[in-house]
Structures are given as structure tokens and as C-alpha cells.
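Spelled out, the chains give:
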Amino acid sequence: MPKGIGEAIKAELESLGIKLTSTLASNIPNSTEEIVLTAIEALKEELQHQVIKTPGGWMAQLITAYNRPMAAKSSP
């Protein structure tokens, strides 16, 4: 696993059988551990309800969404 990925995250990915894609490998170090672990928990939940063909890609998209800044709300 690339540097910048914590042991807890490595263990979770291995337990789920997720191989690191280049996108996932770049998203994880650029995110907080909390965001990544939240994405892992969301993936575990989804896997109970449906088959996800590319769990690494699914997680990468979720991490990207979590990291996307919220649009500033304008007041009336």
C-alpha cells in the first residue's frame, strides 16, 4: 500500500478485498482518516443491500464527494 494510508484503513481495505486503484490511492492520502473510514462504513452498508461491481471505484467516488466543498449558501 502507498505511503500516507493509515494502518486502520489498510486493514479495512484488505478485509473487504479492495485493491487500490490509482484514483483510490490518490484520494485516500488527500482525505482525512475520518472521511475514508466513513466511506468504508458506507460501502459495508451498501454491500449488505446490493452487489457493487467495483467497490474501490465506488469508494473513490464517495471520498471525492465528501471532499468536495459545499457551495456557499447565499442569504436572501
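Residues numbered from 1 in each chain as written. Predicted model: local features only at pLDDT ≥ 70, side-chain atom pairs only at ≥ 80, totals over all residues. Heavy atoms only, no water.

S.K.: How do you make sense of helix α4 (residues 55–67) when you look at a structure like this?
M.R.: The periodicity of an α-helix, 3.6 residues per turn, causes residues three or four places apart in sequence to face the same way. With 13 residues, α4 ought to run about 18 Å at 1.5 Å a step, and its terminal C-alpha atoms sit 18 Å apart, in line with that. For α4, the full list of buried residues reads G56, M59, A60, L62 and I63. Looking straight down α4, one finds its buried side chains confined to an arc of 165°; they lie on one side. (Helix = DSSP H or I, 4+ residues; strand = E, 2+ residues; numbered from the N terminus. Expected span 1.5 Å × (residues − 1). Buried < 20%, exposed > 50% of the residue type's maximum accessible area, 1.4 Å probe, protein only. Arc of directions from axis to C-beta.)

S.K.: Looking at this structure, how should I read the packing of helix α3 (residues 33–47) against α4?
M.R.: When two helices pack together, their arrangement is given by the angle between the helix axes and by the axis-to-axis distance. Across the interface, α3 lies against α4 with an axial gap of 9 Å and an inter-helix angle of 135°. It follows that α3 is oblique to α4 by the angle criterion. Seen from above, α3 lies across α4 with right-handed handedness. Only P55, W58, M59, L62, I63, Y66 and N67 of α4 make contact with α3, whose side of the interface consists of I35, V36, T38, A39, I40, A42, L43 and E46. For the contact of α3 with α4, a count of residues per class yields 12 nonpolar, two polar and one charged. (Axes fitted to C-alpha atoms, helices over the stretch in contact; angles between N-to-C directions. Parallel < 35°, antiparallel > 145°, perpendicular 65-115°, else oblique. Left-handed = near helix turned anticlockwise from the far one by under 90°. Contact = heavy atoms within 4.5 Å. Nonpolar A, V, L, I, M, F, W, Y, C, P; charged D, E, K, R; others polar.)

S.K.: Teacher, can you tell me more about the nonpolar core here?
M.R.: Among soluble globular proteins, nonpolar side chains are generally buried collectively. Ranked by internal contacts, the top residues of the largest apolar core, which has 16 residues, are I9, L13, L24, I28, V36, M59 and I63. Counting residues per element, the ones that place at least two in this core are α1 (7–16), α3 and α4. Examining the composition of this core, we find that five residues originate from one element, α3, more than from any other. Ignoring sequence-local partners within four residues, the contact set of L24 consists of I18, K19, P29, G56, M59, A60 and I63. (Core = buried A, V, L, I, M, F, W, Y, C linked by side-chain atoms within 4.5 Å.)

S.K.: Teacher, can you tell me more about the pattern of salt bridges here?
M.R.: In the structure shown here, the tally under the stated rule is three salt bridges. K44 is the partner of E41 in a salt bridge, and the nearest nitrogen-oxygen pair spans 3.3 Å. Here E41 pairs with K44, and both are found in helix α3, just three residues apart, close to one helical turn. Take E41: its relative accessible area is 44%, and that puts it in the partly exposed class. Judged by its relative accessible area of 26%, K44 is partly exposed. By sharing partners, the salt bridges in this structure join E12, E41 and K44 into a single network. (Salt bridge = Lys/Arg side-chain N within 4 Å of Asp/Glu carboxyl O.)

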